[in-house]
Amino acid sequence: MKFTYTLLFALITYGTFAQNGIIKGRVTTENGDPAELINIMLKGTGKGTISSASGEFSLTDLTAGKYQLIASGVGYSTIERRVTLAADETITLNLTVQENAQQLQTVEITGRRETTYKNDVSFIASKTATPLKEIPQAISYVTKEVLRDQGAFTMGDAVKNMSGVNQFTFYDDLTIRGFRMNGGSTTQLFNGLRTFSGFWKQPPVNYLERVEVIKGAASALYGNTSPGGTLNRVTKKPLTTTQKSLMFTTGSFNTMRVLADFTGPMNESKTLLYRLNLGYVNAHGFRNLQFDKNIIIAPSVSFLPTDKTRINFDLVYNKSNSRLDRGQSVVGNDLYSSSIATSLNAINDYLNEETYLITTSLNHQFSQNTSFNMAYLRTGYTEDLLEHRSSNVNGIDSSGAAIPNLVARQVFVRQTKSFMDNVSLFLNQNFRTGRAEHKLVVGYDYIQSTTPKGSGQQTANGYLLKAGGAAAYNAKRPDLYQFYNYTFNGVTRSIPKPNVAHYDLTQQNNQLEDPSKYTYNVTANAATTPIFYSLHGLYLQEQLKLDRLQILLGLRYDTYIDKKGYTTTNESNVTQHALLPRIGAVYSVTKNINLYGTYTKGYNPQDATVQSDPTTGGPFDPIQSSLTEFGVKTEWLDGRLTANASIYDITQSNTLYSANAANNPNLLMQIGQERAKGIELDVTGNILPNWNLIVTYSYNDAKITDAGTRAADQVLVNMQKPNAPKNQGSLWTKYTFTTQSLKGLGLGFGGNFVDQRNLSLNNTQTIPAYTLLNAAMYYRIDKFQFQVNLNNLANKTYWVGGYDYLRLFPGAPRNFMATVSYTF
């Protein structure tokens, strides 16, 4: 009996102590960095763990036997290992995970891993995380690392690094491949969702991970967009590792910036992550009376309750106090007759703006091949404006003839608010049929844009009447108007007295004005008229991969509803429909070289306010466009450097242009057809790990090819489109020394050139080509970096864009910015 108990005790003891086998190890990336939050599971046992911040993991109390270990993580290919564990054995594994863009989140929830000038993946072109080289369309981008090294703060600073993208004005206003796209058009993207801006100020970039532009119409996924391209701003997302940085910048034009960027986990399990970007900017600028004060608050929170569900919340709040700068005016046709600092403002002018963007997104993976995505963006904008600005004409004498050194002014007093909502739902399904791989996207978009009742504008302009009030001057009835004596070059003459004092370019009469003395009239325009439009979009996209060939097929059906007479008793719906196809193909010639081609159609409905305004000359047909593009995308130096080239042909019909009617500045004309043909080259990446490079070039032949039937419009045929340079390019390179004696020192150098451009409101006036040179120096000591950026080294006088010679938009003269940053 005693023997039986002894044997039983021995068996129990053996069984107890036999269950102490261990499988442990470390997970690293291809670069040798620790890979955290990698799920480590033993298939069929229910046992598992996740890798730590150092990449280490441990599975304990394992019985002897054979196991199948599976390591998986968001953005990485799955690893499977067969392990045979003996009793009391400890097995150590070293696992290396490879990034796999196809496994990344289909909605960007956590931060970008790359920390270089190069970006490998885009969500914008296919609503799936697709490698850029596998997208059959040109995409330009600028990462936060480029923006930091160049000391960039606004969108205009960013886009100079992109081929085919140029400023139309110095507002949030661009041309892409010759077609205008601005912040007020409601066709920009923010984290892949539709938004708009206040137009007058370029959005700051301190809270952005990158800026990207998909070239050509993106209508098959996003509805009505510009045929030249669509700009997407991607915000910085939370990281799983703690990082904090502070940055202080000061320099020319009384500039001061204080920026902060904090990110990391909020709990031990790292399922709750945060990022907080803060900014304060106070800058006067190089133009008279101009200033800009900005407060930026941009928090982001990501919640990862499981490895299959990810939720993100983003807020960007920007409060801006400034003056609205309407540009430089010159005397007659002499571009150099006034200083580029010349502005027409009064001292007491102001522009107060508030903008907020709230984004919520959810991604749930039902399985490795099926995921559901939902995202919502709310944009809000308010404006409070008082401005003295050009009336877009010169002051006149008693006969109605222009006086070249006098600029007629008007005053706007305006308060507006606008809102936009975008809900996006889409399902991703991956599957195989034989040798073919499929990535299917089915989605629905709802977009709603509103300017509610409550906005308004008062305008003071014209010439004072003897009977009281003000009106446009009629040279045939001078007896109706008040006159005053004006002296110039010793000659005094009597001229009509304006409601708002003219701006004298010879005297530079910027002063404190009394707006209460003017005669005002209530003005209804697109900024103040109540507006409501909605868009329902259904789309289907298939990405098929068969060996070296990939084919992309897309189709979208849009219903666009614009409420004509919104908030009035005559409110009615104006409904337009569009069917938008897209077809593209990519062929992998080698591992490093892909060829592609694409064809897509786009559209833009005409605004209901323009359609119903009797002074515009409408109604007008919708804008329609098509894109044909071919190109090559290559990778070199072990994937560190990309070199891409494209050739494109864009056709657009039914665009509205100013009719240049002196007696009716609102009159528009619809151009029969515009065509842009060109080539683009983009080189981005690292020649060496410590040597960064960006090179871009574009040739863009963007012309009006059909001006309709009016004889007066035929002068526009074959004329290069306004503010669309035929040639432009850029270069930027940064080299960081690695030798011990120069360790921590870096140098940057670059420049950009832009060809001559035509102006938009006067087809006989142009602005000259320019070439700018810039440089930078960096020095890092431990966690501190000292940086100096020198811009426009040659102190060139140049203009980034313009409407005519009364509204020119000059670029900044030679300037410097000095930055101290601390990372901890």
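Residues numbered from 1 in each chain as written. Predicted model: local features only at pLDDT ≥ 70, side-chain atom pairs only at ≥ 80, totals over all residues. Heavy atoms only, no water.

1. Some thoughts on the overall build of the chain
Helix and strand counts for the chain stand at five helices and 52 strands. Whereas a compact globule of 824 residues would reach a radius of gyration of roughly 28 Å, the chain reaches 30 Å, a difference of no more than 12%. With the C-alpha coordinates of the chain rotated into their principal frame, the extents come out at 135 × 60 × 50 Å. The long-range fraction of contacts in the chain, counting pairs at least 24 apart against all pairs at least 6 apart in sequence, stands at 65%. Summing over all exposed atoms, the chain offers an accessible surface of approximately 34800 Å²; the carbon and sulfur share of this is 58%. With 75 positive and 62 negative side-chain charges, the chain shows a separation of 2 Å between the mean positions of the two kinds. (Helix = DSSP H or I, 4+ residues; strand = E, 2+ residues; numbered from the N terminus. Rg over C-alpha atoms; globule rule 2.2 N^0.38 Å. Contact = heavy atoms within 4.5 Å. Areas by Shrake-Rupley, 256 points an atom, 1.4 Å probe, with all protein chains shown as cover. Lys, Arg positive; Asp, Glu negative; His and termini not counted. Charge placed at Lys NZ, Arg CZ, Asp CG, Glu CD.)

2. Here we look at the sheet that holds strand E1 (residues 21-29)
Strand order in the open sheet made by the three strands is E4-E1-E7, with mixed pairing throughout. Each edge of the sheet is formed by a strand with only one pairing partner; in this case those strands are strand E4 (56-62) and strand E7 (90-97). Here the strands of the sheet are splayed against their neighbours by 20° on average, with no regard to which way each runs. (Pairing = 2+ DSSP bridges. Axes fitted to C-alpha atoms, helices over the stretch in contact; angles between N-to-C directions.)

3. Comments concerning the pattern of salt bridges
Here the structure, examined in full by the defined rule, presents 33 salt bridges. Lysine 144 serves as the salt-bridge partner of glutamate 145, at 2.9 Å between the closest nitrogen and oxygen. The class of glutamate 145 is buried, set by a relative accessible area of 4%. Measuring nitrogen to oxygen at the nearest pair gives 2.6 Å for the salt bridge that ties aspartate 325 to arginine 287. Placement of the pair is aspartate 325 in the loop between strand E22 (309-322) and strand E23 (350-365) and arginine 287 in the loop between strand E20 (272-283) and strand E21 (292-303), with a sequence separation of 38 residues. (Salt bridge = Lys/Arg side-chain N within 4 Å of Asp/Glu carboxyl O. Buried < 20%, exposed > 50% of the residue type's maximum accessible area, 1.4 Å probe, protein only.)

4. Quick word on the nonpolar core
Residues Met155, Val159, Met162, Tyr207, Val211 and Leu231 are the most contacted members of the largest nonpolar core, which totals 34 residues. If you list the elements that add at least two residues to this core, you get helix H2 (144-149), helix H3 (155-159), strand E12 (173-176), strand E16 (208-215), E21, strand E24 (370-396) and strand E48 (770-781). Excluding anything up to four places from it in sequence, methionine 162 contacts Ser140, Tyr141, Val142, Val211, Glu212, Val213, Thr696 and Gln728. Membership of the second largest hydrophobic core comes to 26 residues, among which are Phe199, Met420, Tyr533 and Leu772. (Core = buried A, V, L, I, M, F, W, Y, C linked by side-chain atoms within 4.5 Å.)

5. Some thoughts on the pairing of strand E35 (residues 549-564)
As defined by bridge partners, strand E34 (residues 531-546) adjoins E35 across 14 bridges and the pair is classed as antiparallel. Counterpart to tyrosine 539 in the pairing with E35 is arginine 556. In this structure, the hairpin formed by E34 and E35 is closed by a connection of two residues, where aspartate 547 is found at a positive phi of approximately 55°. For E35 and strand E36 (residues 572-588), the ladder comprises 16 bridges, and the chain directions are antiparallel.

6. Re the environment of glycine 750
With respect to the helices, strands and loops of the structure, glycine 750 is situated in strand E45 (residues 745-754). A relative accessible area of 1% places glycine 750 in the buried class. Each C-alpha atom, one on glycine 750 and one on serine 730, is 7.4 Å from the other, the two residues being 20 residues apart in sequence. Excluding residues that lie within four positions of it along the chain, glycine 750 makes contacts with Leu731, Trp732, Leu772, Leu773 and Asn774.

7. A look at the sheet that holds strand E15 (residues 193-195)
Pairing in this open sheet of five strands is mixed, and the strands run E10-E16-E17-E14-E15 from one edge to the other. Two strands in the sheet have a free side with no partner beyond their single neighbour: strand E10 (139-143) and E15. Strand-to-strand, the axes of this sheet are offset by a mean angle of 25°, without reference to chain direction. When strand E14 (residues 188-190) meets strand E17 (residues 229-235), the two strands line up parallel, connected through two bridges. Bridge assignment links phenylalanine 190 to a residue of E17, and that residue is arginine 233.

8. As for a nonpolar patch on the surface
On the surface, a cluster of nonpolar side chains totalling about 620 Å² of accessible area is made up of Leu549, Ile551, Leu553, Ile583, Tyr587, Val589, Leu595 and Tyr599. Looking at where leucine 595 falls in the secondary structure, it is placed in strand E37 (residues 593-604). Taking relative accessible area as the criterion, leucine 595 reaches 41% and is therefore assigned partly exposed. (Patch = residues over 30% accessible without salt bridge, like charges linked within 9 Å, V, L, I, M, F, W, Y side chains within 5 Å.)

9. Re the side chain of serine 730
Assignment of secondary structure puts serine 730 in strand E44 (residues 727-736). You can call serine 730 buried: its relative accessible area is 8%. Among the polar contacts made by the side chain of serine 730, one reaches the main-chain carbonyl oxygen of lysine 160 at a distance of 3.3 Å. A polar contact of 2.6 Å, which involves the side chain of serine 730, links it to the side chain of threonine 696. (Polar contact = N/O pair within 3.5 Å; in protein donor to acceptor, adjacent residues only side chain to side chain.)

10. Examining the side chain of serine 140
Here serine 140 is to be found in strand E10. A polar contact is formed between the side chain of serine 140 and the side chain of lysine 215, at a distance of 3.1 Å. With near-sequence residues (within four places) excluded, serine 140 lies in contact with Met162, Ser163, Val211, Glu212, Val213, Lys215 and Asp682.

11. Quick word on the confidence of the model for the chain
Across the chain, the average pLDDT comes to 90, with 93% of residues at or above 70. When pLDDT is averaged over each element of the chain, strand E28 (residues 463-464) comes out on top at 98 and helix H1 (residues 2-18) at the bottom at 45. Here residues 1-18 is modelled with pLDDT under 50, and outside its nearest four sequence neighbours on either side it reaches three contacts, counting other chains as well. Ignoring residues within four places in sequence, the model shows residues 101-106, a span with pLDDT below 50, making 29 contacts including any to other chains. (pLDDT = per-residue confidence, 0-100.)

12. A few points about unusual backbone geometry
Notably, glutamine 508 is not glycine yet its phi reads approximately 55°, a positive angle. Here glutamine 508 is to be found in the loop between strand E32 (503-504) and strand E33 (521-522). Note on glutamine 508: relative accessible area 29%, which makes it partly exposed. A positive phi angle, near 55°, is found at asparagine 792, a position not held by glycine. Given a relative accessible area of 2%, asparagine 792 falls into the buried group.

13. Some words on the packing of aromatic side chains
Applying the stated rule across the entire model yields 22 aromatic pairs. Here phenylalanine 170 and tyrosine 171 contribute two aromatic rings whose centre-to-centre distance is 5.6 Å and whose plane-to-plane angle is 80°, an arrangement assigned as edge-to-face. The class of phenylalanine 170 is buried, set by a relative accessible area of 18%. Take tyrosine 171: its relative accessible area is 2%, and that puts it in the buried class. Look at phenylalanine 532 and tyrosine 566: their rings are 5.6 Å apart centre to centre, the planes differ by 40°, and that puts the pair in the tilted class. Here the residue phenylalanine 532 occupies a position in strand E34, and tyrosine 566 occupies one in the loop between E35 and E36, the gap between them amounting to 34 residues. Comparing phenylalanine 532 with tyrosine 566, the two get one shared label, buried. Through successive ring pairs, a cluster of aromatic residues spans Phe168, Phe170, Tyr171, Phe199, Trp200, Tyr803 and Phe809. Above the plane of the ring of tyrosine 596 lies lysine 633, whose end atom (NZ or CZ) is 5.1 Å from the centre. (Phe/Tyr/Trp six-rings, centres within 6.5 Å; stacked < 30°, edge-to-face > 60°. Lys NZ or Arg CZ within 6 Å of the ring centre and 35° of its normal.)

14. Things to note about the environment of methionine 817
By the secondary structure assignment, methionine 817 is in strand E52 (residues 815-823). In this structure, the C-alpha to C-alpha distance between methionine 817 and tryptophan 799, residues 18 residues apart in sequence, is 21 Å. Residues contacting methionine 817, with those up to four places away along its chain left out, are Thr249, Thr250, Gly251, Ser252, Thr255, Gln787, Val788 and Asn789.

15. Brief notes about the environment of leucine 69
Within the secondary structure, leucine 69 is located in strand E5 (residues 65-72). Since its relative accessible area comes to 0%, leucine 69 is described here as buried. The spatial distance from the C-alpha of leucine 69 to the C-alpha of threonine 528 is 63 Å, given a sequence separation of 459 residues. Excluding anything up to four places from it in sequence, leucine 69 contacts Ile23, Ile40, Met41, Leu42, Phe57, Ile79, Glu80, Arg81, Leu93 and Leu95.

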